[in-house]
Each structure stands twice: as structure tokens, then as C-alpha cells.
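# Analysis of the macromolecular model
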Amino acid sequence: MKDRGLRLYNVRMPTRRAFAVLAAAAALAAAKPPAPQGPPPADMGRLLSVIHSTHLYEIELGRLAADRAQSLRVRRYGQRMLGDHRIADRKLMDLARARGWKIESAALSEEERLHLQALVALPAADFDVAFVSGAREGHRETMDRLAAAEGTVTDRAIRRYLAVTMPILHQHWLLAARLLQLGSRA
Amino acid sequence: MSRFPETRRHELSQPLGGTKVAVGFLSGVLAGAAMLLFQSVAYWHLGGGFWVPERQVACALYGLDALIDPGYVVAAGIVIHFTTSVAWAIIFSAILPLGASTWTALWAGLAYSVGVWGVMTYGVLPWFNEYMYQRVAFMPEWNLYGHFVYGFGLLATPSLRRRLRGGNLSSRRNSRILPLTP
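Residues numbered from 1 in each chain as written. Chains lettered and ligands numbered in written order. Predicted model: local features only at pLDDT ≥ 70, side-chain atom pairs only at ≥ 80, totals over all residues. Heavy atoms only, no water.

### Brief notes about the nonpolar core
Rules: In these notes, a set of buried Ala, Val, Leu, Ile, Met, Phe, Trp, Tyr and Cys residues joined through side-chain atoms within 4.5 Å is what counts as a nonpolar core. The buried label applies to any residue whose accessible area, calculated with a 1.4 Å probe on protein chains only, is under 20% of its type's maximum; exposed applies above 50%, and partly exposed to all values in between. Put simply, DSSP marks the helices as runs of H or I at least four residues long and the strands as runs of E at least two long, and each gets a number from the N terminus on. Here, two residues are considered to be in contact whenever any of their heavy atoms come within 4.5 Å of each other.
Counting 27 residues, the largest nonpolar core has L48, I51, I158 and Y161 of chain A together with F138 of chain B as its most contacted members. Listed by contribution, the elements that provide at least two residues to this core are α3 (42-68), α4 (72-98), α6 (124-150) and α7 (156-182) of chain A together with α2 (17-46) of chain B. If you tally residues by element for this core, the top one is α7 of chain A, at seven residues. What I51 of chain A contacts, discounting residues up to four positions off in sequence, is L92, L146, Y161 and L162 of chain A. With 24 residues, the next largest nonpolar core counts Y77 and M81 of chain A together with C59 and L64 of chain B among its residues.

And the structure:
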């Protein structure tokens with residue numbers, strides 16, 4: 001009876017052992033072998049580079065809106081864009097790294113740079129509508145581009161990546177449409 | 001050896017209805033808080049925003065607007081999360097054998113959390129919160145890790161059970177058993 005009592009009431013030892021087992025499992029999971037770095041196949045390289053640069057552009061847009069937007073909803077929308085595209089880009093880079101591919105760090109295109117400059121130059125009162133309209137159009141174009149590319153991708157992990165990223169882009173598009181609908185109430 | 005073996009056996013074999021619910025409630029709050037905190041910190045660390053998990057949960061009530069609406073949606077998300085968390089913990093408290101050790105509760109809790117993750121992710125979310133389902137599919141590993149933290153939190157169940165039942169035992173001893181002792 002005494003032994004049983006000890007087993008029931010001794011909380012420290014099992015908890016400590018449990019922590020040790022979990023820590024060991026986490027360490028094993030974290031220890032990934034380094035993959036050799038090289039360029040991806042040509043078509044795949046172009047696609048990943050386009051997706052990467054799109055994420056970078058959306059991150060810049062989101063950051064700008066999170067700082068400059070007048071409406072709290074638009075500001076939160078900017079934060080969602082910033083966060084989601086940051087995570088999506090990190091996942092993309094992890095996928096490429098796991099395959100030993102090196103994605104060229106893409107600079108913003110001339111058109112994207114001009115659009116960002118135009119948004120910065122806008123008076124504060126006009127910023128929200130211009131930003132949300134641009135975000136809606138931008139997400140529509142990105143979705144169309146990725147949907148067209150999806151059929152050509154043979155790598156299963158990249159296909160899976162596109163399949164889970166598209167709904168998030170669609171959510172951004174829906175939110176932009178909703179914000180435009182809310183208009184001055186937003 | 002207990003001085004009152006019959007009484008103790010009797011106590012251990014009782015269905016414990018109220019105590020199970022109370023223990024489930026407390027361990028559900030504890031495990032739910034640990035899970036929510038873990039997920040919020042993880043999202044914040046990944047650059048997604050601290051309150052995104054709560055907003056995702058709130059999409060069940062407010063739709064996609066919950067991602068941009070004011071702070072009340074965060075409160076609603078927290079309420080929904082804890083309600084679900086407590087409900088699952090009460091079931092766990094009811095099925096965990098009486099007298100289970102902390103070690104048993106740990107492994108049972110982790111296995112249970114995988115079951116909860118499967119049911120919630122593939123059985124509940126697609127029907128009740130499609131937007132959260134899409135966002136969970138976007139980063140599934142963190143949702144699973146969050147449920148592991150929940151399962152780890154259920155480790156408190158036997159300890160809470162002993163504390164609550166201990167209180168009952170001593171009160172009964174005082175009222176009924178002590179007068180019989182020499």
C-alpha cells in the first residue's frame with residue numbers, strides 16, 4: 001500500500017523523465033542533415049523565384065499598410081498580409097533548402113517599386129482605398145498566375161505548397177473586397 | 001496500509017460524477033491556456049502576429065471578418081477555445097482510470113491529444129470553421145504541436161483529481177468516519 005501511495009503521489013520523477021524524453025525527441029526532430037546547395041531545374045527555378053519575389057512585394061505592401069493606414073481594419077489587413085506572406089516565404093525557402101536548391105534573391109520589379117513609391121506619396125486620406133484596391137488586384141493576378149503554374153509542377157511538395165497557399169491568397173482577396181465594400185465604415 | 005481499507009476501496013470505485021467534471025474543467029482550463037499561449041507565441045515568433053490563433057478560432061462565429069475586426073473577436077475566440085478545451089478535458093477526465101499515475105496520464109494525454117487533433121482538424125473545422133481549416137492546412141505542424149502541448153497539460157488530471165478527492169475524503173472522514181475510531 002505504501003509503495004502504491006508513493007507511485008501515485010510522486011509527481012516529480014515522472015514529470016522530469018517526461019521532459020527529458022520530450023526534449024530528446026525535439027532535439028532529434030531538429031537535427032536535419034545539411035543539403036547540398038545548387039540551382040533548381042530551370043522551370044522550377046523561375047516559378048519559385050516569381051513566388052519568392054511576390055511574397056517579398058506583398059510583405060513590403062503589408063508593412064506599409066500596417067504603418068500608414070488610417071483605418072484600424074486596413075491596418076490589421078496589412079498585418080495579416082505581412083504575417084501570412086512572411087510565413088509562406090519562409091516555407092518556400094525551407095522547401096527549396098530541403099531539396100538543395102538555391103533561389104536567387106529577387107529584387108522588386110520596376111513596376112512594383114513604382115507602385116510602392118506611389119502609395120508612399122499618396123496623402124493619408126487616400127491611402128487606404130488605393131492600397132486595398134491594389135491588394136485586391138494584386139492577389140487576383142497572383143492567384144491566376146499560380147493556378148496556371150500549378151498544372152506544370154511535378155514536385156509533390158511544391159504542388160502541396162501551392163495547394164495550401166492558394167486559399168490564403170484567396171482569403172486576402174476576399175478581405176480586400178470586404179474592406180472595399182465596408183468603405184468609409186471600415 | 002490505510003486504516004479504513006473498505007472505505008478507501010469504496011471511494012475509489014465511486015463513479016465520481018461531479019469530481020470528474022470539476023477536474024476536467026480545471027485541467028481543461030490549464031491545458032487550454034498552455035496550448036493557446038504556445039500557439040500565440042509560435043505565430044508571433046514566425047511573424048504571423050500574436051492574436052492570430054484567437055482570431056482564427058473566432059472565424060467560426062464572425063467569418064473571415066474576424067481576421068480584421070476589433071478586439072472583441074479575440075475575446076470571442078478565447079471563449080470558444082476554452083469551451084472546446086474544457087469539453088475535451090472532461091471526457092479525458094471521465095475515461096482516465098481512477099488511480100492513474102502522472103506518467104500514465106502523460107502518455108494517455110499525448111495519445112488523446114492526437115485524437116483530439118484528428119477529430120477537430122478533419123471532422124469539425126471543415127464543417128464549422130472553413131477559414132481556420134484553410135489556415136491550419138497552411139501550417140499544419142504548429143497546430144499539431146499545439147495539441148501536443150494540450151495533451152501535455154492534461155498531465156495535471158491525476159494530481160487535480162487527488163487534490164479534489166482528498167478534500168472530499170477528509171471532509172467525509174471528519175463527518176462520518178472519525179466518530180467510529182477508538
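### Observations concerning α6 of chain A
This is how the line gets drawn: A helix is expected to span 1.5 Å multiplied by its residue count minus one.
With 27 residues, α6 of chain A extends 38 Å between its outermost C-alpha atoms, agreeing within 8% with the 39 Å of an ideal straight helix rising 1.5 Å per residue. Along α6 of chain A, the residues that are buried comprise F127, D128, F131, V132, G134, A135, G138, H139, T142, M143, L146 and A149 of chain A.

### Let's talk about the environment of A66 of chain B
Residue and element names in this part refer to chain B. Relative to the elements of secondary structure, A66 occurs in the loop between α3 (52-62) and α4 (72-95). Taking relative accessible area as the criterion, A66 reaches 0% and is therefore assigned buried. For the pair formed by A66 and R55, sequence separation is eleven residues and the distance between their alpha carbons is 5.6 Å. Contact partners of A66, with chain neighbours within four places excluded, come to R55, A58, C59 and V73.

### Some points on the environment of G83 of chain A
Structurally, G83 of chain A can be placed in helix α4. Separated by 25 residues in the primary sequence, G83 of chain A and E58 of chain A have C-alpha atoms spaced 9.9 Å apart. Residues contacting G83 of chain A, with those up to four places away along its chain left out, are G47 and G48 of chain B.

### Quick notes on the packing of α6 of chain A against α7 of chain A
Residues and elements named next belong to chain A. Condition: Every angle, taken between N-to-C directions, lies between 0 and 180 degrees, and every axis is a line fitted to C-alpha atoms, over only the stretch in contact when it is a helix. Here the word oblique covers every angle except those under 35 degrees (roughly parallel), over 145 (roughly antiparallel) and from 65 to 115 (roughly perpendicular). Note on convention: near helix rotated counterclockwise from far helix by under a right angle means a left-handed crossing. Clockwise means right-handed. Residues are grouped as follows: Ala, Val, Leu, Ile, Met, Phe, Trp, Tyr, Cys and Pro are nonpolar; Asp, Glu, Lys and Arg are charged; all remaining types, including Gly, are polar.
One way to put it is that α6 packs onto α7 with a least axis distance of 9 Å and a crossing angle of 155°. By the angle between their axes, α6 is roughly antiparallel relative to α7. At the point where α6 passes α7, the crossing takes the left-handed sense. Two secondary-structure elements touch here, α6 through V129, V132, S133, R136, H139, R140, T142, M143, L146, A147 and E150 and α7 through R159, L162, A163, M166, L169, H170, H172, W173, A176, A177, L179 and L180. Taken together, the residues that form the contact of α6 with α7 break down as 14 nonpolar, five polar and four charged.

### Thoughts on the pattern of salt bridges
So the rule is basically this: Any carboxyl oxygen of Asp or Glu within 4 Å of a side-chain nitrogen of Lys or Arg constitutes a salt bridge here.
Under the defined criterion, the tally for this structure stands at nine salt bridges over all chains. The salt bridge involving R135 of chain B is made with D84 of chain A; its shortest N-O contact spans 2.7 Å. You can see R135 of chain B sitting in helix α6 (residues 130-138) and its partner D84 of chain A sitting in helix α4, one on each of two chains. On the basis of relative accessibility, which here comes to 3%, the residue R135 of chain B falls in the buried class.

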